[in-house]
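# Residue-level structure breakdown
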Amino acid sequence: MRIEVDWTRCDGHGLCALLLAENLGSDPDGYPVVHDTAVARDSVRHARRAVAACPALALRLVRD
Ligand code: SF4
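Small disclaimer: the values here were computed from a predicted structure and weren't measured.

Take the overall build of the protein chain next. The secondary structure content of the protein chain amounts to two helices and four strands. Secondary structure elements of the protein chain occur, N-terminal to C-terminal, as β-α-β-β-α-β. In terms of overall dimensions, the protein chain has a C-alpha envelope of 30 × 20 × 15 Å along the principal axes. Considering the protein chain as a whole, with its 64 residues, one finds that 38% of them fall into the buried category. Within the structure as shown, the protein chain displays about 4100 Å² of accessible surface, and the carbon and sulfur contribution to it stands at 51%. Averaging the coordinates of the 8 positive side-chain charges in the protein chain and doing the same for the 9 negative ones gives two points 11 Å apart.

Structure follows, in structure tokens:
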């Protein structure tokens with residue numbers, strides 16, 4: 001699976017970087033920096049939590 005950011009929706013809350021640190025970092029303004037779009041099997045639970053927590057509905061977890 002992979003994580004995608006909808007940049008038209010993201011407004012830089014920075015929450016996702018805390019919840020999915022395996023894949024996402026944060027720039028100085030709070031916007032995500034995607035280190036790796038591929039979500040490892042043991043990180044899927046973290047990814048689902050990040051998607052659910054995004055207040056802008058800007059994260060998606062999709063199947064490859
Ligand atoms: S939690 Fe959502 S709105 Fe906030 S930085 Fe991440 S993707 Fe953007």
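A word on empty space enclosed by the protein. Inspection of the entire model under this criterion finds one cavity of 30 Å³ or more. As a volume, the largest cavity reaches approximately 120 Å³. Every residue lining the largest cavity is counted, 18 residues in all, and those nearest its centre are Cys10, His13, Gly14, Cys16 and Cys54. A total of three residues in the lining of the largest cavity trace back to one element, the largest contributor, which is helix 1 (residues 15-19).

Residues in contact with the ligand amount to 13 residues; listed here are only the nearest, Cys10, His13, Gly14, Cys16 and Cys54. One can see that the ligand is located within the largest cavity. Classifying every residue of the shell around the ligand by side-chain character gives eight nonpolar, four polar and one charged.

Criteria and thresholds
Residues numbered from 1 in each chain as written. Predicted model: local features only at pLDDT ≥ 70, side-chain atom pairs only at ≥ 80, totals over all residues. Heavy atoms only, no water. Helix = DSSP H or I, 4+ residues; strand = E, 2+ residues; numbered from the N terminus. Buried < 20%, exposed > 50% of the residue type's maximum accessible area, 1.4 Å probe, protein only. Areas by Shrake-Rupley, 256 points an atom, 1.4 Å probe, with all protein chains shown as cover. Lys, Arg positive; Asp, Glu negative; His and termini not counted. Charge placed at Lys NZ, Arg CZ, Asp CG, Glu CD. 1 Å grid on protein atoms, 1.4 Å probe; cavity = no way out; pocket = protein on both sides within 12 Å on 5 of 7 lines; lining within 4 Å. Points joined across faces, edges and corners; volume = space filled by probe spheres on them. Near = heavy atom within 4 Å. Sits in = over half its atoms within 2 Å of the grid points. Nonpolar A, V, L, I, M, F, W, Y, C, P; charged D, E, K, R; others polar.

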